[in-house]
Amino acid sequence: MKINWFCPLPPAKTSIADDYLAGILPSLSRQCELTLWTAQSDWDRELEQVARVRHFDPYAISWPELHKADVTFYNIGNNHLFHGSIWQVSRRHPGIVILHDLRVHQFFDSLYRAQWRDVAGYLAQMKRHYGDEGLRVASEFVSGVVNIDFMSQRYPLTALALEDCLAVLVHSPEAFEQVEAMKQWPIALASLPRTLPPQSNDGFFRPTEPPYRIVMFGHMGRNRRLSAVLEALGAMPERNAFQLEIFGDLTDGRHLRSQIRKLGLGEVVQLHGYAPEDELNKVLQTSHLAINLRYPTMGEASGSQLRIWYHALPSLVTDVGWYATLSRDTVAHVRHEHERDDIQSHLSAFLKNPEQFAQMGQRGLRTLREQHDPEKYVETVLDMAANARQFRVRKSAYDLARTAGRIMGSWTSNASPEPIRIAEKIHEIFMTIE
């Protein structure tokens, strides 16, 4: 089977390019004729040893070459720098979308307003998907009345990310339920995959005396709750028993450095910036605890959490979305409405019984092995690829029903629901075609 795969590639600074792709690539490339498509000017040339790599420009792509494959997969996440060009192609060449984030308003806001400078286009999409209310609230957002967190939660723009696709693959139960409720696309749920460690990696040497090393890593945006972590740690009498090390790009580094000074945490907290994968792995191997808070969540399953489990680390996560579904045996949950208290409570519990937390990390590693196997994930991908023809028939049925509803709606001057009912019935009939 010939498969096109649109995805960020290493060295792009995203877990989709690193952990996710690295996990599935060996198995996927063995079982199909795989072409990786990228808009990046640079990529890891070692990828070409296992798959063909093609550079593309969304405005001048080779459509005949793209059509040679049996099916195309598009990886869509919330960063417009990595996924904007991929989304553009997906609208013109229907394929299967792998939706890494359920709520993608931030993606479209950055793409339309920051990259394209097209405020009118952004407002038009909001009106199209959410009517007059969407247009009004989007205008308030553009004017600074409401923030991006509010927009992402209330107006996720998920349907725009999936426009004209054949089917959808998601990684969290929440995403599955919400996309399935739209009743527009076939959908599959598969646990986010990651390369599994060898059995000999089950235990790492970690110092048994304080200061205990806490690690946070990734893109440190506002939803990573770093300010709340600093406030909680700064108010603890035992704060010198910890060393908090933060790796990743900071959204507001000046504010955070100021907060560290005001809280007197200069000897406790270290900001390292982005760390290459090898360096970060060494840090994780010698850390005692990870903090992986997310609020608001974009409906994602966390590649960072899988990396934490890979190193058998215990971790604190926010009790929301996919993170709320994780067993209390494998993570320590933090309630957003009691964030400071819960963080302090877990850190105090850690000081009293570090071994109990170490066992939590071991259970997380077992969960990684049992539920996030790349081989099982690739099976789901290949099953969806094999059903691509059927997905195309269903898409044609939906498109026909939508067009019929639009035409019949133009026949009446009032708001009669009859054309919509007829269109829905046409859709139901065509959906039964195998």
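Residues numbered from 1 in each chain as written. Predicted model: local features only at pLDDT ≥ 70, side-chain atom pairs only at ≥ 80, totals over all residues. Heavy atoms only, no water.

Visitor: Could you give an account of the overall build of the chain, naming the residues involved and the relevant values?
Guide: Scanning the chain from terminus to terminus reveals 18 helices and 13 strands. Expressed along its principal axes, the backbone C-alpha trace of the chain runs to roughly 75 × 50 × 40 Å. The buried share of the chain, reckoned over its 434 residues, is 52%. Put simply, of all contacts in the chain between residues at least 6 apart along the chain, 71% involve residues at least 24 apart. Of the roughly 20100 Å² that the chain leaves accessible, carbon and sulfur atoms contribute 49%. (Helix = DSSP H or I, 4+ residues; strand = E, 2+ residues; numbered from the N terminus. Buried < 20%, exposed > 50% of the residue type's maximum accessible area, 1.4 Å probe, protein only. Contact = heavy atoms within 4.5 Å. Areas by Shrake-Rupley, 256 points an atom, 1.4 Å probe, with all protein chains shown as cover.)

Visitor: Tell me what's going on with the pairing of strand β8 (residues 212–217), and back it up with residues and numbers.
Guide: Extensive coverage of β8 is indicated by the burial of 5 of its 6 residues. Handedness of the crossover is the feature at issue here: the chain leaves β8, passes through helix α9 (residues 226–234), returns alongside strand β9 (residues 242–247), and the resulting connection is right-handed. In terms of strand pairing, β8 meets strand β11 (residues 289–292) through 2 bridges, oriented parallel. Of the residues in β11, the one forming a bridge with Val215 is Ala290. (Right-handed = clockwise from strand over helix to strand, strands pointing away. Pairing = 2+ DSSP bridges.)

Visitor: Talk me through helix α12 (residues 303–310); I want residue IDs and the actual numbers.
Guide: For α12, the buried fraction is high: 8 of the 8 residues fall into the buried class. Those residues of α12 that sit buried are Gly303, Ser304, Gln305, Leu306, Arg307, Ile308, Trp309 and Tyr310. Residue Ser302 occupies the N-cap position of α12, its side-chain oxygen lying 3.3 Å from the main-chain nitrogen of Ser304. Of the residues trailing α12, Ala312 is marked for its positive phi of about 55°. (Polar contact = N/O pair within 3.5 Å; in protein donor to acceptor, adjacent residues only side chain to side chain.)

Visitor: I'd like to hear about the pattern of salt bridges, residue by residue, with values.
Guide: Taken as a whole, this structure holds 21 salt bridges when the rule is applied. Between Arg54 and Glu65 there is a salt bridge, with the nearest N and O atoms lying 2.6 Å from each other. One end of the pair, Arg54, is in strand β3 (residues 52–55); the other, Glu65, is in helix α2 (residues 63–66), with 11 residues separating them in the sequence. Arg54 gets classed as partly exposed once you look at its relative accessible area, which sits at 23%. Among the salt bridges present, the one from Arg103 reaches Glu174, with a minimum N-O distance of 3.1 Å. (Salt bridge = Lys/Arg side-chain N within 4 Å of Asp/Glu carboxyl O.)

Visitor: Describe the sheet that holds strand β2 (residues 33–38), and please don't skip the residues or the numbers.
Guide: Spatially, β3-β2-β1-β4-β5-β6-β7 is the arrangement adopted by the 7 strands of the open sheet, whose pairing is parallel. One side of each edge strand has no neighbouring strand; the edge strands of this open sheet are β3 and β7 (187–189). On average, each strand axis in the sheet is tilted by 20° relative to the strand beside it, whichever way the strands run. In terms of strand pairing, strand β5 (residues 96–99) meets strand β6 (residues 167–170) through 4 bridges, oriented parallel. (Axes fitted to C-alpha atoms, helices over the stretch in contact; angles between N-to-C directions.)

Visitor: Outline the sheet that holds strand β12 (residues 315–318), supporting the account with residue identities and numerical values.
Guide: Strand order across the open sheet formed by 6 strands is β10-β9-β8-β11-β12-β13, with parallel pairing between neighbours. Looking along the sheet, the strands with just one partner apiece sit at the ends: β10 (269–273) and β13 (332–334). Looking at each pair of strands side by side, their axes are set apart by 25° on average, direction ignored. The sheet strands contacting helix α14 (residues 339–352) are β8, β9, β11, β12 and β13, and the helix crosses β13 at an angle near 155°.

Visitor: Help me get a handle on the packing of helix α1 (residues 16–31) against helix α16 (residues 374–386), residues and values and all.
Guide: Contact geometry for α1 and α16: axes closest at 9 Å, N-to-C directions at 60°. By the criterion of interaxial angle, the relationship of α1 to α16 is oblique. The handedness of the crossing between α1 and α16 is right-handed. Residues Tyr20, Gly23, Ile24, Ser27, Leu28, Arg30 and Gln31 of α1 lie in contact with α16, whose contacting residues are Pro374, Glu375, Tyr377, Val378, Val381 and Leu382. (Parallel < 35°, antiparallel > 145°, perpendicular 65-115°, else oblique. Left-handed = near helix turned anticlockwise from the far one by under 90°.)

Visitor: Kindly report on α1, identifying the contributing residues and their values.
Guide: At Leu25, α1 shows its maximal kink, close to 45°; a proline, Pro26, follows between one and four residues later. Burial of α1 is extensive: 12 of the 16 residues sit out of reach of the surface. Those residues of α1 not exposed but buried are Ile16, Ala17, Asp18, Asp19, Tyr20, Leu21, Gly23, Ile24, Leu25, Ser27, Leu28 and Ser29. (Bend = angle between axes of the 7 residues up to and from the residue.)

Visitor: Please give an account of the nonpolar core that cites residues and values.
Guide: Within soluble globular proteins, side chains that are nonpolar generally end up buried alongside one another. In this structure, Ile3, Trp5, Leu34, Leu36 and Phe73 are the most contacted members of the largest nonpolar core, which totals 47 residues. When sequence neighbours within four positions are dropped, the list of residues in contact with Trp5 reads Tyr20, Leu21, Ile24, Leu28, Leu34, Thr35, Leu36, Trp37, Phe73, Asn75, Ile98 and Val381. Within the second largest apolar cluster, 38 residues are counted, among which are Ile76, Phe108, Phe141 and Tyr155. (Core = buried A, V, L, I, M, F, W, Y, C linked by side-chain atoms within 4.5 Å.)

Visitor: Talk me through the packing of aromatic side chains; I want residue IDs and the actual numbers.
Guide: The tally for this structure, following the rule as stated, stands at 16 aromatic pairs. Both rings, one in Trp87 and one in Phe108, keep their centres 4.9 Å apart while their planes meet at 75°; by these two values the pair is edge-to-face. Placement of the pair is Trp87 in helix α3 (residues 80–90) and Phe108 in helix α4 (residues 105–115), with a sequence separation of 21 residues. Taking relative accessible area as the criterion, Phe108 reaches 1% and is therefore assigned buried. When the centroid spacing of 5.1 Å and the interplanar angle of 75° are considered together, the rings of Tyr112 and Trp116 count as edge-to-face. Pairwise contacts between aromatic rings join Phe6, Trp37, Phe56 and Tyr74 into one cluster. The side chain of Arg194 reaches across the aromatic face of Tyr310, ending 4.4 Å from its centre. (Phe/Tyr/Trp six-rings, centres within 6.5 Å; stacked < 30°, edge-to-face > 60°. Lys NZ or Arg CZ within 6 Å of the ring centre and 35° of its normal.)

Visitor: Residues and numbers for the environment of Leu135, please.
Guide: Locating Leu135 in the fold gives a position in helix α5 (residues 119–142). Owing to a relative accessible area of 28%, Leu135 belongs among the partly exposed residues under this scheme. Sequence separation between Leu135 and Asp399 is 264 residues; the distance between their C-alpha atoms is 25 Å. Apart from residues lying up to four places away in sequence, Leu135 is in contact with Leu123, Met126 and Lys127.

Limitation: the analysis is restricted to geometry and does not speak to function.
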